[in-house]
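Remarks on the overall topology
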Protein chains: 2
Amino acid sequence: MSEIAVLALGGNALSRVDQLGTLDEQYDNAKVMAKSVRSLVRKGWRIVIVHGNGPQVGNLAIQQEESAGLVPALPLFALGAMTQGALGSLICLALSEICGDEIPGAVSVITHMEVDPDDPAFSCPTKPIGPFFSRAEAATLATERSWTMVEDAGRGYRRVVASPLPKAPIEAAAIATLVAAGYIVVAAGGGGIPVVPGEQGAYRGIDAVIDKDLAAERIADAADAEALVMVTGVPAVKLDFGTATERTIEEMTIDEAKRHMKDGQFPPGSMGPKVQAAINFATAPGRVSAITTPELVDTTLDRPAGVIEGARGTRIVAGAGGAGAAAS
Amino acid sequence: MSEIAVLALGGNALSRVDQLGTLDEQYDNAKVMAKSVRSLVRKGWRIVIVHGNGPQVGNLAIQQEESAGLVPALPLFALGAMTQGALGSLICLALSEICGDEIPGAVSVITHMEVDPDDPAFSCPTKPIGPFFSRAEAATLATERSWTMVEDAGRGYRRVVASPLPKAPIEAAAIATLVAAGYIVVAAGGGGIPVVPGEQGAYRGIDAVIDKDLAAERIADAADAEALVMVTGVPAVKLDFGTATERTIEEMTIDEAKRHMKDGQFPPGSMGPKVQAAINFATAPGRVSAITTPELVDTTLDRPAGVIEGARGTRIVAGAGGAGAAAS
């Protein structure tokens, strides 16, 4: 077996909300993920890892502003590129410690993601990023840097940026080349560095935030992967979350997932994009999407017989006849 | 022809000393380099780019300290990883604008460089990095972070780190795979992220600064390249620089280069490591090293007939009989 699984790892999975965000903490978190990669590699899976960068890019944005008088501030897309470097290195180091000689090698590719300059998100930026500012500071930044500033829950003003849909990873073919050569590839960190196409093959950076689950789906599609897993903090998707009728989903079809989405079962800021990415990916035949924790990725993808309830995550499959092809 | 040339691009070539270091300035500088890459690609060369990161990692180190109360400071090796992300992206974007469809694609690989934990440089750190501190701050940092602090020319105290010799790029095989597939590869930015080997294939980051010219030589050796070019601010190497007998070297053998080095012709902080990298590389047969500006890379490598004096840079070749094999 040499099927490809793309793992989408939340930024908070590397820098948890109850932690300071030191490199040591992030490294320990990366090792947890590396252990699940090791299990998958032992079963013959080829792995591509897409990581989030929310907490990390937020920290960089704060540092940019604190030092603005001493060091020229960099645009947001360049901060995203920096987090790809730092977290790409961190994940490769963690994989080397946990998997060592068991893996052929791990390599991080700086990845740009094409977005549509006419994406409606650009005319309505909604994603808050970086530090809080006073009203006066916000007015200055809006003028000097053309930033969109909004008042945020009484805590001050923040910059908001667009969150356009990812179209295609620019480095798709290079990533596929490395996967085919046997490498574990870290790609499209933070959803990829957002770029818009110019003339004759050129592209340029643009300040935006791309959802990393939707970006992982684009990577998985481009790599012709068999599995896409949104690796997160909850073991499985729940219906009627937090109510008396709360229940766990072990498997749902795309049609079921779409219906639950329409019914408002999945909040836009958290489970919503994960389920949407799962739907997008599993629509093509022979594919499976999953949503679960690092520890349960393995049993969720394998669907082994006799696993007790709650010991695996949620699978999203094409439909009644479409799921079998992707089971190993 | 499909020979490989590795271009080692100075950090100051991207962020010049007479500039503020904004991203726009760095991007314009990267486009100058991209034009020389385009000329080489048109002649059939495959290209690997190694960039420096001195000014950029210095800026990040300042930002870390300015924001230390708000955001946990990251270790130096992680800052190096960040500059690989930012500059790797920048160079790929510049290549896309200048070369467009003429190149098969450019891709940046986060690169770790193995160094020897017993390298004597670690017991005698000499490379200043980051901001200046007061005597009291320096004492605190020395205690809390085990930094080596030295007084720097009356301007305050600075951290100094080791500058060990690069041994081998961890991602050498992945880089070779991408070069063979036709990509222009950006690798080992800032000399690579310094790592020391652990057990069973593991490696971990260590705070150090690796000379990017010596690192580029390791990349060129690992990629089995035909040419290594130190791309810098001066058109050619000079002897007796700044004296009445100053003269330009168009070509020298390794033996000549070693003799000039021994005679103190090349200062340790600037031309010294470039000439040393050139010597290291050109020692194997069929290889040529060169030292020149972005504009002259092309004519220096090609050694075309009839080129007037001063219109090409310096070539370093194995010896009387060893140079011909690498000429195109």
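Quick notes on the rules
Residues numbered from 1 in each chain as written. Chains lettered and ligands numbered in written order. Predicted model: local features only at pLDDT ≥ 70, side-chain atom pairs only at ≥ 80, totals over all residues. Heavy atoms only, no water. Salt bridge = Lys/Arg side-chain N within 4 Å of Asp/Glu carboxyl O. Helix = DSSP H or I, 4+ residues; strand = E, 2+ residues; numbered from the N terminus. Buried < 20%, exposed > 50% of the residue type's maximum accessible area, 1.4 Å probe, protein only. Axes fitted to C-alpha atoms, helices over the stretch in contact; angles between N-to-C directions. Parallel < 35°, antiparallel > 145°, perpendicular 65-115°, else oblique. Left-handed = near helix turned anticlockwise from the far one by under 90°. Contact = heavy atoms within 4.5 Å. Nonpolar A, V, L, I, M, F, W, Y, C, P; charged D, E, K, R; others polar. Buried area = accessible area lost by both parts, 1.4 Å probe. Polar contact = N/O pair within 3.5 Å; in protein donor to acceptor, adjacent residues only side chain to side chain.

Counted under the stated rule, the structure contains 36 salt bridges over all chains. For A:Lys43, the salt bridge is made with A:Asp298, and the minimal N-O distance between the two is 3.2 Å. In this pair, A:Lys43 is assigned in the loop between helix H2 (23–42) and strand S2 (46–51) and A:Asp298 in helix H10 (residues 297–302), connecting sequence segments 255 residues apart. When the shortest N-O distance is used, the salt bridge between B:Glu251 and B:Arg315 registers 3.0 Å. Taken together, the residues B:Glu251 in strand S15 (residues 251–253) and B:Arg315 in strand S17 (residues 314–317) connect sequence positions 64 residues apart. A residue is classified by how much of its surface remains accessible, and B:Glu251, at 33% relative accessible area, is partly exposed. By relative accessible area, B:Arg315 is classed as buried at 3%.

Let's shift gears to the packing of helix H7 (residues 212–222) of chain A against helix H9 (residues 271–282) of chain A. Residues and elements named next belong to chain A. Two numbers describe how H7 lies on H9: the axes approach to 8 Å, and their chain directions differ by 15°. With respect to each other, H7 and H9 are oriented roughly parallel. Read as a crossing pair, H7 and H9 show a hand that is right-handed. In contact with Lys-212, Asp-213, Leu-214, Glu-217, Ala-220 and Asp-221 of H7, H9 contributes Pro-273, Lys-274, Gln-276, Ala-277, Asn-280 and Phe-281. A per-class count over the contact of H7 with H9 returns 5 nonpolar, 2 polar and 5 charged.

The interface of chain B with chain A comprises 50 residues on the first partner and 51 residues on the second. Taking both partners together, chain B and chain A bury about 4,000 Å²; carbon and sulfur atoms supply 69% of that area. When the buried area of chain B at its contact with chain A is split by residue, B:Leu23, B:Gln63 and B:Leu93 rank highest and sum to 14% of it. The interface formed by chain B and chain A holds 0 salt bridges in total. Between chain B and chain A we count 12 residue pairs in polar contact (both at pLDDT 80 or more) in total.

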